[in-house]
Amino acid sequence: QVQPVESGGGLVQAGGSLRLSCVDSGGIFSRNAMAWYRQAPGKQRELVAHISSNDIATYADSVKGRFTISRDNAKNTVALQMNSLKPEDTAAYYCAAISPSGYSRWGQGTQVTVSS
């Protein structure tokens, strides 16, 4: 199966910004919901942001007002704009493509490290 491919991670100072991108060519992109998850060392994977096929976005409380998820159906991409980054945002970030039937495909992840 085709996996989504993430990019854009890196090292940034606290208060800085990063933009993650995910390209998914594994299905009919416009029909899928897309989501960003993250997993810090020793912690469970958590949902960061979700965007439905009709562009409704939801966020974890910990990132509301700082992160923005968006999608471009013409380019089969979903982005996560992360502003005012905090050290606690440090994690591996994963893109997920969720089909209308609920089946999820995951990317390999991209590392985000926020230094204090």
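Residues numbered from 1 in each chain as written. Predicted model: local features only at pLDDT ≥ 70, side-chain atom pairs only at ≥ 80, totals over all residues. Heavy atoms only, no water.

### A closer look at the overall build of the protein
Right, on to step 1. Secondary structure assignment for the protein yields zero helices and 11 strands.
Right, on to step 2. If you list the helices and strands of the protein from N to C, you get β-β-β-β-β-β-β-β-β-β-β.
Right, on to step 3. Its C-alpha atoms give the protein a radius of gyration of 13 Å, within 12% of the compact-globule value 13 Å for 116 residues.
Right, on to step 4. Seen through its C-alpha atoms, the protein measures out along the principal axes to roughly 40 × 25 × 20 Å.
Right, on to step 5. Across the 116 residues that make up the protein, the buried fraction comes to 39%.
Right, on to step 6. Taking contacts inside the protein between residues at least 6 apart in sequence as the whole, the part at least 24 apart equals 55%.
Right, on to step 7. Accessible area of the protein: about 6100 Å², with a carbon and sulfur share of 49%.
Right, on to step 8. When the 11 basic and 8 acidic side-chain charges of the protein are each reduced to a single mean position, those positions are 1 Å apart. (Helix = DSSP H or I, 4+ residues; strand = E, 2+ residues; numbered from the N terminus. Rg over C-alpha atoms; globule rule 2.2 N^0.38 Å. Buried < 20%, exposed > 50% of the residue type's maximum accessible area, 1.4 Å probe, protein only. Contact = heavy atoms within 4.5 Å. Areas by Shrake-Rupley, 256 points an atom, 1.4 Å probe, with all protein chains shown as cover. Lys, Arg positive; Asp, Glu negative; His and termini not counted. Charge placed at Lys NZ, Arg CZ, Asp CG, Glu CD.)

### Considering the state of the cysteines
Right, on to step 1. Scanning all chains against the criterion turns up one disulfide.
Right, on to step 2. Covalently, Cys 22 is tied to Cys 95 through a disulfide, its sulfur atoms 2.1 Å apart. Judged by the sign of its S-S torsion, about -75 degrees, the cystine formed by Cys 22 and Cys 95 is left-handed. Placement of the pair is Cys 22 in strand S3 (residues 18–23) and Cys 95 in strand S9 (residues 91–98), with a sequence separation of 73 residues. Across this residue pair, the class does not change: Cys 22 and Cys 95 are buried. (Disulfide = S-S within 2.5 Å.)

### Details of the pairing of strand S7 (residues 67–72)
Right, on to step 1. Here S7 shows a buried face lined by Phe 67, Ile 69 and Arg 71 and an unburied face lined by Thr 68, Ser 70 and Asp 72.
Right, on to step 2. Sheet topology places S7 next to strand S8 (residues 77–82); six bridges connect them, and they run antiparallel. Note that in S8 the partner of Asp 72 across the bridge is Thr 77. (Pairing = 2+ DSSP bridges.)

### As for the sheet that holds S8
Right, on to step 1. An order of S1-S3-S8-S7 is seen for the four strands of this open sheet, with the pairing classed as antiparallel. Across the chains shown, the open sheet's two edge strands, defined by having one partner strand only, are strand S1 (5–7) and S7. Between one strand axis and the next, the sheet turns through 15 degrees on average, direction left out of account.
Right, on to step 2. Sheet analysis places S3 next to S8, joined by six bridges and oriented antiparallel. Along S8, the bridge assignment pairs Arg 19 with Gln 81. (Axes fitted to C-alpha atoms, helices over the stretch in contact; angles between N-to-C directions.)

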